[in-house]
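Here is what each chain is made of, one letter per residue.
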Amino acid sequence: MNFKLKAFLVVMGIPFLMAPVSWAKEPEQTAIPIKVQVVQNREFTGQLQEVGKIIPVDSTALTFSASDKLKSKYFKDGAYVKKGDLIAELDNTQAKGELDKAETQYAIDQSKLTRMLALVKKQPDSISKQDIENQKLQTNLARVDVEQKKADMQNYQLIAPFDGRLTSFNYSIGSRLDSSDVVVSIIKADPIEVNYSIGQKELGEAKMNQKVTVQVDAYKDKTFTGYVDYIAPQVDNQSGRIEVHASIKNTDKLLVPGMFANVTQYSSEKVTYPIVSQNAVVVNGDQRYVWLYTGNGVKQQTVTLGENTNDGYVVIKQGIQANDKVVVAGQQNLKPGSLVKVQGFVKYQNSDKNNSGSTASSTSKESADTAPQTPVASSTPESKGDAKATSSTAPANDKSNSVEQTKPTGTETTPQTKQSAKAQPPKVSAVSNKVITEVSTQPTKNNSVNKTDAKVVKISQKTAQPAKAKKDVNNEAA
């Protein structure tokens, strides 16, 4: 009978003997420390960004209106000229002779008319009225001939039609030119225009006199400012886009026709986008994503990026919204289902700084340099009211991160009687399936929790009964 009882007790004690071994082998997942930033919105001035080309406001090819040899050039290639300046001149010897002849004839006719009028004044019947009228007509014809010859003389001159810069001359002195030969071209350099096109969806945002900024590769650190002065009244049949021109001051003559330019057109409408720290965005090939702290863990969220704000943040056009909690530190170690520990909330810096005419607008008041750390841990179900407290980030013997269980001498009390009844309990996270939930553990008569700086407290149900059962079995066996 004793043998059967001993065997029964041995068999019944095996699970209790094995239980501590199995518990010891249970792997513990380490919480990943992270920092979180609450997403805010920022208001921006609407922008249309396109690639354009610098074009002159005025440009023309200059030709003579007469045919002869090129006599003189008064400017060098690429020179700046003023309106009315004489640029070049043909040989006008023959034309000048014709003018001299006409002026002589006009002087003769004018003198004859003067004498006839003087004579008629003294002797009214000396000259008929018909003769006087004929002489007046003759004199008038001579005057017109002189004016015509003078006009012909201008055909031998090349005059600047407006202020601008000359290109290179196509002919040398002595070359015989026809009236169709282009001698040189002139380009108006200030103001200058940028020509670009916009899509049909953007036509509603484009207005006359809107501000435009231009950057060219030749002067990457310089921005040129202008204003829209032309929007095409129709859509281009081939490209399906709308042509736009903007006039730009070019006092320094830095912009040259033919340059390609990056154009930004600012609309009068305001748009609002969420912004996040550039460090929060993770790049994986063509994918861009952030980690969101949901209060129940973290999840990966794909985003569509906008422009950088030039103050450490980037615009998110799609994927997140204001008040979402984005992980800004520690995300490189995260993966779906990771156990995390929030070390604090990061405040937006320079949130009132404008970007390209934007006005910062915060839609979330939740931000701090260092907020209380949010505990995150995993827990096991309770078993028969016995509990064992351990920290996921500190050794079990660390008094600052564990529940004190020292029994005072001389009294028969619970293990936690050292704690004052007035001590405030810390916040303990009960986590189920890595779900982060802040709860408050109230001190009881038989069990009070130390006020420590522990960030993670795991509640696992382990009892001392298996060891006790083992002892009883050994006694019976003896």
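In this numbering scheme, every chain counts its residues from 1 along its sequence in written order. Residues qualify for local features only when their pLDDT is at least 70, as the model is predicted, and side-chain atom pairs are given and counted only at 80 or more; totals for whole chains, interfaces and linings, by contrast, use all residues. Only hydrogens and water are removed before side-chain values are computed, so all heavy atoms of the structure are retained for them.

Labelled according to an unreviewed UniProt entry, the protein appears under the name Multidrug resistance protein MdtA, originating from Vibrio marisflavi CECT 7928. UniProt positions are given in the numbering used here, feature names are shortened, and annotations may be inferred rather than shown by experiment. Word for word, the UniProt comment on the protein under Sequence similarities (unreviewed entry) is "Belongs to the membrane fusion protein (MFP) (TC 8.A.1) family."

Undergrad: Teacher, can you tell me more about the sheet that holds strand S5 (residues 80-81) here?
TA: Strands in a sheet are paired, the pairing made by backbone hydrogen bonds, and the direction either parallel or antiparallel. The strand order across the open sheet formed by 4 strands is S3-S10-S8-S5, and the pairing between neighbours is antiparallel. Each edge of the sheet is formed by a strand with only one pairing partner; in this case those strands are strand S3 (59-63) and S5. In this description, strands pair whenever DSSP reports at least two bridges between them. The way it works is that DSSP assigns letters per residue, a run of H or I at least four long becomes a helix, a run of E at least two long becomes a strand, and they are numbered from the N terminus. Pairing of S3 with strand S10 (residues 182-187), which is carried by 5 bridges, proceeds in the antiparallel orientation. Each bridged residue has a counterpart across the sheet, and for Ser59 the counterpart in S10 is Ile187.

Undergrad: When you look at the pattern of salt bridges in this model, what are you seeing that I'm missing?
TA: Once the charged atoms of two side chains with opposite charge are near each other, the side chains can pair. Within this document, salt bridges are pairs made up of a side-chain nitrogen of Lys or Arg and a carboxyl oxygen of Asp or Glu, the two lying within 4 Å of each other. As enumerated under the stated definition, the model contains 7 salt bridges in all. One salt bridge connects Arg176 with Asp68, and the closest N-O pair in it is separated by 3.8 Å. In this pair, Arg176 is assigned in strand S9 (residues 176-177) and Asp68 in strand S4 (residues 68-73), connecting sequence segments 108 residues apart. Think of it in three bands: residues with accessible area under 20% of the maximum for their type are buried, residues over 50% are exposed, and the middle band is partly exposed, with areas taken using a 1.4 Å probe on protein chains only. Accessibility expressed as a relative area gives 56% for Arg176, which makes it exposed.

Undergrad: Is there a simple way to explain unusual backbone geometry in this structure?
TA: Most peptide bonds are trans, and most residues other than glycine sit at a negative phi. Of the consecutive residues Asp190 and Pro191, the connecting peptide bond is found in the cis state with omega at -5°. Its identity as a non-glycine residue notwithstanding, Asn209 has a phi of 70°, on the positive side. Examined against the element boundaries, Asn209 turns out to sit in the loop between strand S11 (192-198) and strand S12 (211-216). Relative accessible area serves as the criterion here: at 60%, Asn209 is assigned to the exposed category. A positive phi angle is found at Lys253, which is not glycine, with a value near 60°. Inspection of the secondary structure puts Lys253 in the loop between strand S14 (242-248) and strand S15 (260-277).

Undergrad: Looking at this structure, I do not really get the packing of aromatic side chains. What am I missing?
TA: For any pair of aromatic rings, geometry is given as the distance between the ring centres together with the angle between the planes. Any pair of Phe, Tyr and Trp rings, taking the six-membered ring for Trp, is counted once the centres come within 6.5 Å. Such a pair is stacked with planes under 30 degrees apart, edge-to-face with planes over 60 apart, and tilted for the rest. Evaluated as defined, the whole model comprises 3 aromatic pairs. Relative to Phe224, the ring of Tyr219 has its centre 6.5 Å away and its plane inclined at 70°; by these criteria the two rings are edge-to-face. The class of Tyr219 is partly exposed, set by a relative accessible area of 30%. Taking 6.2 Å as the distance between ring centres and 85° as the angle between the ring planes, the aromatic pair formed by Tyr289 and Trp291 counts as edge-to-face. Residue classification places Tyr289 among the buried residues on the basis of a relative accessible area of 10%. By definition, being over a ring means that NZ of Lys or CZ of Arg is both within 6 Å of the ring centre and within 35 degrees of the ring normal. The cationic tip of Lys211 hangs over the ring face of Tyr266; the distance from NZ or CZ to the ring centre is 5.7 Å. The lysine or arginine in question, Lys253, covers the ring of Tyr80, its NZ or CZ lying 5.8 Å from the ring centre.

Undergrad: Help me understand the pairing of S14 in this model?
TA: Each regular strand carries side chains that alternate between the two faces of the sheet. Taken across its 7 residues, S14 has 5 buried, putting it largely inside the fold. Note: strand S13 (residues 219-231) against S14, 5 bridges, orientation antiparallel. Among the inter-strand pairings, Tyr230 is bridged to a residue of S14, identified as His245.

Undergrad: Any chance you could explain the nonpolar core here in plain terms?
TA: In summary, soluble globular proteins display a tendency toward joint burial of nonpolar side chains. Residues enter a nonpolar core if they are buried and are Ala, Val, Leu, Ile, Met, Phe, Trp, Tyr or Cys, with the set joined through side-chain atoms within 4.5 Å. Counting 23 residues, the largest nonpolar core has Phe64, Ile87 and Leu158 as its most contacted members. Elements supplying a minimum of two residues to this core: strand S6 (86-90), helix H2 (93-122), helix H3 (129-154) and S10. Throughout, a contact is declared for two residues whenever any of their heavy atoms are within 4.5 Å. Setting aside chain neighbours within four positions, we find Ile87 in contact with Leu62, Lys73, Tyr74, Phe75, Leu158, Ile159, Ala160, Leu166, Phe169 and Val184. Counting 21 residues, the second largest nonpolar core, distinct from the first, contains Ile192, Val214, Ile242 and Val244.

Undergrad: What should I look at first to understand the side chain of His245 in this one?
TA: By secondary structure assignment, the location of His245 is in strand S14. We call two N or O atoms a polar contact when they sit within 3.5 Å, provided that within protein one can donate a hydrogen and the other can accept it, with sequence-adjacent residues counted only if both atoms are side-chain atoms. Side chain to side chain, His245 and Glu193 meet in a polar contact 3.5 Å long. Setting aside residues no more than four positions away along its own chain, His245 makes contact with Ile55, Glu193, Val194, Asn195, Tyr227, Val228, Asp229 and Tyr230.

Undergrad: For this particular structure, what's the right way to read the sheet that holds S6?
TA: Pairing in this open sheet of 4 strands is antiparallel, and the strands run S7-S6-S4-S9 from one edge to the other. At either margin of the open sheet sits one strand with a lone partner, and together these are strand S7 (157-159) and S9. Where S4 and S6 come together, 3 bridges link them in antiparallel fashion. Paired with Leu70 across the two strands is Leu90, which belongs to S6.

Undergrad: Would you explain H3 in this entry?
TA: Side chains of residues three or four places apart in an α-helix project in the same direction, reflecting 3.6 residues per turn. Between its terminal C-alpha atoms H3 stretches 38 Å, which fits the 38 Å expected from 26 residues at 1.5 Å a residue. Residues of H3 that are buried: Ile132, Gln135, Thr139, Ala142, Val146, Lys149 and Met153. On its buried face, H3 is in contact with H2 and S7. One less than the number of residues in a helix, times 1.5 Å, gives the span that helix is expected to have.

Undergrad: For this particular structure, what's the right way to read the packing of H2 against H3?
TA: The description of two packed helices rests on the angle between their axes and on the distance between the axes. Axes here refer to lines fitted to C-alpha atoms; in helices the fit is confined to the stretch in contact. Angles between the N-to-C directions go from 0 to 180 degrees. For the pair H2 and H3, the least separation of the axes is 8 Å and the interaxial angle reads 155°. Judged on the interaxial angle alone, H3 and H2 are roughly antiparallel. Every pair of crossing elements has a handedness; the one defined by H2 and H3 is left-handed. Basically, the charged four are Asp, Glu, Lys and Arg, the nonpolar ten are Ala, Val, Leu, Ile, Met, Phe, Trp, Tyr, Cys and Pro, and anything else, Gly included, counts as polar. Residue classes in the contact of H2 with H3 are distributed as 12 nonpolar, 5 polar and 11 charged. Relative orientations are named as follows: roughly parallel for angles under 35 degrees, roughly antiparallel for angles over 145 degrees, roughly perpendicular for angles from 65 to 115 degrees, and oblique for any other angle. Two helices cross in a left-handed way if the nearer one is turned anticlockwise from the farther one by less than a right angle. They cross in a right-handed way if the turn is clockwise.

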